[in-house]
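# Examination of the molecular architecture
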Amino acid sequence: MKKLILSVTLLGFLSTSCAKNKCAECHYDGPSGEVEMGTYCGDELHDLEDLGTFTDSLGNSFVVHCGEH
Amino acid sequence: MKYLLLWAAAFASSPLLAQQGITGIVLDAQSQKAIQGVLITVPSFQIQVRSDAKGQFSFPFSWSDQQALRLKHPDYQILDTSVYGNVSSLRFELNLGHMTTEEVTVSAQQVSLRAKNTVPIEVRSINELQLSGGMHVAELLTKIPGVYMSTLGNGIAKPVIRGMQGMRVVTLVNGLRLEGQQWGGDHGLGIGELALGSAEVIKGPASVLYGADALGGVVYLQDEPYARIGQQTLDVQQKWNQNTSGSTSSLLYKKSQGNKRILVAGSYANHADFQLPNGLYAKNSRFHEWVGKASYSWFKPNQIHQFRYAFNNTVAGIPGHTHDSLATPLSFQVQTQGRKYSLPAQFFTNQLLSYEYKRFWTGQEFNLLLGQTHNRLVEYDEKVTKPFMEMDLFNSIYQAKWTKKWAQQQLIIGVAGMLQLNLNAPIAADQLLPDAQTFDQGIFGLYKYELSKAHMFQVGLRQDVRWIQTQSDSLFLQRRYASPNLSAGWSWQVNSFQRHRLNFSSGFRAPHLSELLANGFHHGALRYEIGDSSLVPERSLQLDWSSDWNTEHGSITVNPYHAWVRDYIYIQPNGNSIDGIPVFNYAQLELGRMYGLDLSAHYHPHWLHNLHWEGNFSYIHFESPQDSAISLLPPTRVQNEIQYHWDFNGTIQKIELSVSHAWMAAQTRVAFQETPSESYQLIHINARCYLEKNGIWMLQTGVRNLTNSAYIDHLSRLKNIGMPGPGRHFYISLKYQVQQQIKN
């Protein structure tokens with residue numbers, strides 16, 4: 001009984017936490033449409049989303065979107 | 001709380017009465033022959049036994065007090081009676097027939113027959129409701145007149161009682177109050193239909209019974225009964241839904257041996273985007289859900305203990321999101337069905353832990369319920385790694401009540417309280433609500449008097465206090481709200497066919513933190529919300545009249561009601577927008593009147609006993625001097641269902657066929673800037689077959705929305721983006737149950 005309750009609880013927490021550590025494909029909305037940036041994972045993904053924008057060589061900034069919308 | 005625990009411990013350790021069994025026999029009233037297979041239930045102890053080939057049964061213990069007993073057999077009229085436990089043998093006689101409308105209810109703070117209660121309560125068996133093929137608990141409950149559902153796709157749904165929903169409806173699971181950020185229209189119920197046995201609904205204010213927030217009504221869900229004494233059962237079920245290419249797998253194990261019972265259940269559901277009548281798919285309406293449940297109970301003479309744990313984790317996509325600058329309904333509909341996790345999404349986790357203790361003496365009963373619940377709500381909007389909102393809601397709940405019974409009178413006195421903590425995770429991008437704590441304390445009394453066999457009245461009084469305090473320096477708020485509440489009811493049993501019931505009840509709801517302090521984006525609701533810290537509690541008074549006519553072949557219930565609502569809190573757009581999202585303000589309506597009518601009827605002809613027709617009608621009207629209506633007011637509805645069943649003696653035991661039709665009127669009485677909705681009709685066909693071969697098999701199949709009607713429900717949160725409900729679809733479900741007798 002104890003094992004069962006513990007297992008169910010653990011399963012629940014795992015199922016909520018796993019989804020947060022994903023890799024995601026990112027893109028930014030360029031002047032002529034979406035520009036793919038490739039797949040980002042873990043800290044890289046986190047940093048990119050924190051920054052929120054992509055700046056090109058001309059100094060133009062574009063909003064970055066990651067994950068399926 | 002400490003004294004209550006000491007009390008409970010003292011009762012538990014008191015000398016027990018000698019354990020002594022009770023035996024009995026059930027006979028046919030006309031032929032005096034023994035009846036096999038009669039299910040004899042003691043609802044207070046949640047114990048079931050079945051009569052053997054000689055019509056004999058036995059309880060392995062006795063009780064000192066008078067207890068309600070229910071005897072049920074498919075070929076006989078249900079017998080509801082009450083007996084004292086200090087007898088050694090019982091004898092019951094059943095009359096042939098199958099028409100019954102009375103059920104045992106638990107939601108009015110007492111285990112009693114529906115007829116022995118002045119509070120109007122609707123009771124339904126979940127198994128019966130499941131014949132409709134509904135996707136979730138909220139949809140199953142819509143078969144009850146006056147009960148509707150509010151949805152955000154398939155994964156997020158909650159019940160609406162006479163136009164009230166969310167925080168105005170208290171939901172209890174086995175007596176434990178469910179708290180899951182109900183303030184948000186996009187926050188679901190967080191409870192699956194797994195192992196649920198029955199649902200009771202109290203329509204209208206019920207603050208005397210359940211305190212603050214029970215302004216619009218109460219939904220009381222109860223787990224299915226434990227296995228019969230000396231038996232273990234295993235149920236395996238698989239459902240498949242064509243519309244969502246989805247499936248639900250579930251497992252339920254029950255065992256009752258000696259004085260111990262256990263129930264363990266689990267299920268997993270995974271559904272992709274639902275298909276619309278035009279063949280496209282509702283983008284990001286996908287969801288998956290884990291549900292777990294475990295109960296352990298043991299009883300001794302005159303006492304029962306129960307531990308329960310329930311877990312629910314839902315990951316639901318939030319439809320209605322687009323990056324199109326000029327969004328049209330087609331912006332939210334896609335060619336391909338998606339199942340993969342996609343933004344925006346909601347993670348909703350509920351955990352419920354409770355302990356219940358009941359103790360019986362001659363003419364007295366003590367009941368203690370202790371509970372701890374945890375709700376975690378996480379919403380991801382634009383970013384994969386950073387939640388937009390993440391909140392944990394902890395609730396510590398207790399209720400203690402003492403019941404004293406005399407020959408014709410009953411008195412219940414109780415106290416109830418809740419400590420609630422709302423905590424935001426630092427990682428979240430926004431805090432729609434600040435960290436805060438809420439403390440509720442209530443004391444109540446209910447007095448029932450049976451003047452004669454025909455007349456009964458009940459009066460209830462309750463005083464509640466709610467303290468709210470934020471734990472944020474930048475957004476400090478401290479409030480105390482208190483309110484007395486009253487209910488009074490009268491029941492008149494004119495004769496065996498006719499009963500009238502009049503009930504007057506009040507309700508109270510203190511403003512929620514979201515209404516007082518909100519100041520931020522609420523993406524699930526697609527709006528920027530601004531609260532008002534000067535809001536005062538809502539109050540409601542309802543007068544409810546119910547007349548029942550029951551005959552051998554049918555029944556009719558007419559239930560008009562009228563409610564006065566003061567300081568009703570609503571939200572409406574102020575015409576501004578922030579970052580392209582419309583801004584909504586909370587405000588109060590000084591006075592409103594709500595009145596309506598619930599009708600229900602059931603008929604089965606004498607010449608065709610297996611044919612049943614059930615129909616119901618629901619009408620709600622709201623008006624106020626300030627505005628024409630409130631938002632999300634349910635439209636008028638007519639539901640009809642024809643059922644036929646065939647009984648067999650071979651491998652196939654029974655086949656049930658159901659054809660149902662629902663007509664929903666147009667709703668043009670809308671609040672400021674609310675979208676009206678058009679009338680629509682739905683037809684569903686469902687069939688169920690019971691087979692017996694190495695166990696019991698149940699095969700259910702059906703087609704929902706047979707005519708592929710393109711409808712937009714007035715209470716759907718997707719109405720604003722022009723998203724219709726699911727198109728025509730098939731489903732199939734197979735359940736297998738194996739039973740085994742075990743030594744006691």
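Residues numbered from 1 in each chain as written. Chains lettered and ligands numbered in written order. Predicted model: local features only at pLDDT ≥ 70, side-chain atom pairs only at ≥ 80, totals over all residues. Heavy atoms only, no water.

All names here are of chain A. Spatially, the four strands line up as an open sheet ordered E2-E1-E4-E3, and their pairing is antiparallel. Whereas interior strands pair on both sides, the edge strands pair on one side only; in this sheet they are strand E2 (33–40) and strand E3 (53–55). Pairwise comparison of adjacent strand axes, ignoring direction, gives a mean angle of 35° for this sheet. Sheet analysis places E3 next to strand E4 (residues 61–66), joined by three bridges and oriented antiparallel. Its bridge partner lying in E4, Thr55 is registered against Ser61. (Pairing = 2+ DSSP bridges. Helix = DSSP H or I, 4+ residues; strand = E, 2+ residues; numbered from the N terminus. Axes fitted to C-alpha atoms, helices over the stretch in contact; angles between N-to-C directions.)

In this description, a pair of aromatic rings is defined by centroid distance and the angle of the planes. All names here are of chain B. Taken as a whole and assessed by the stated rule, the structure comprises 21 aromatic pairs over all chains. Ring geometry for Tyr449 and Phe457: centres 6.4 Å apart, planes at 85°, overall edge-to-face. Taking relative accessible area as the criterion, Tyr449 reaches 26% and is therefore assigned partly exposed. Where Tyr568 meets Phe622, the ring centres are 6.1 Å apart and the plane angle is 45°; that geometry is what we call tilted. Of this pair, Tyr568 sits in strand E35 (residues 554–578) while Phe622 sits in strand E37 (residues 611–623); the two residues are 54 residues apart in sequence, bridging distant segments of the chain. Given the relative accessible area of 6%, Tyr568 is considered buried. Across the ring face of Tyr561, the terminal group of Arg162 is positioned such that the distance to the ring centre comes to 3.6 Å. Against the face of Tyr148 rests Arg637, its NZ or CZ located 4.3 Å from the ring centre. (Phe/Tyr/Trp six-rings, centres within 6.5 Å; stacked < 30°, edge-to-face > 60°. Buried < 20%, exposed > 50% of the residue type's maximum accessible area, 1.4 Å probe, protein only. Lys NZ or Arg CZ within 6 Å of the ring centre and 35° of its normal.)

Bringing the state of the cysteines into the picture now. Disulfides are covalent bonds that link the sulfur atoms of two cysteine residues. All names here are of chain A. Considering all chains together, one arrives at two disulfides over all chains under this definition. Across the disulfide, Cys23 is cross-linked to Cys41 (sulfur-sulfur distance 1.8 Å). The sign of the S-S torsion, about 115°, decides the handedness of the disulfide formed by Cys23 and Cys41: right-handed. Of the two residues, Cys23 sits in the loop between helix H1 (2–17) and strand E1 (24–30) while Cys41 sits in the loop between E2 and helix H2 (42–51), which places them 18 residues apart along the sequence. For Cys41, a relative accessible area of 31% corresponds to the partly exposed category. The disulfide that involves Cys26 links it to Cys66, with 2.1 Å between the sulfurs. (Disulfide = S-S within 2.5 Å.)

Our next topic: the side chain of Asp213(B). All names here are of chain B. Take Asp213: it is sitting in the loop between helix H4 (207–210) and strand E16 (217–223). One polar contact links Asp213 to Arg177, side chain to side chain, over a distance of 2.6 Å. With near-sequence residues (within four places) excluded, Asp213 lies in contact with Met167, Arg168, Val169, Val170, Arg177, Arg466, Phe508, Arg509 and Ala510. (Polar contact = N/O pair within 3.5 Å; in protein donor to acceptor, adjacent residues only side chain to side chain. Contact = heavy atoms within 4.5 Å.)

Another point: the confidence of the model for chain A. All names here are of chain A. On average, residues of chain A score 76 in pLDDT, and 70% of them are at 70 or above. The element-level mean pLDDT for chain A is lowest in H1, coming to 51, with H2 highest at 89. Contacts from residues 12–19, a stretch scored under 50 in pLDDT, to residues over four places away or in other chains number eight contacts. (pLDDT = per-residue confidence, 0-100.)

What follows concerns a negative patch on the surface. All names here are of chain A. On the surface, a cluster of negative charge is contributed by Glu25, Asp29, Glu34 and Glu36. Secondary structure elements with two or more residues in the negative patch: E1 and E2. One can find Glu36 in strand E2. Exposure remark for Glu36: the relative accessible area of 55% places this residue in the exposed category. (Patch = residues over 30% accessible without salt bridge, like charges linked within 9 Å, V, L, I, M, F, W, Y side chains within 5 Å. Areas by Shrake-Rupley, 256 points an atom, 1.4 Å probe, with all protein chains shown as cover. Salt bridge = Lys/Arg side-chain N within 4 Å of Asp/Glu carboxyl O. Lys, Arg positive; Asp, Glu negative; His and termini not counted. Charge placed at Lys NZ, Arg CZ, Asp CG, Glu CD.)

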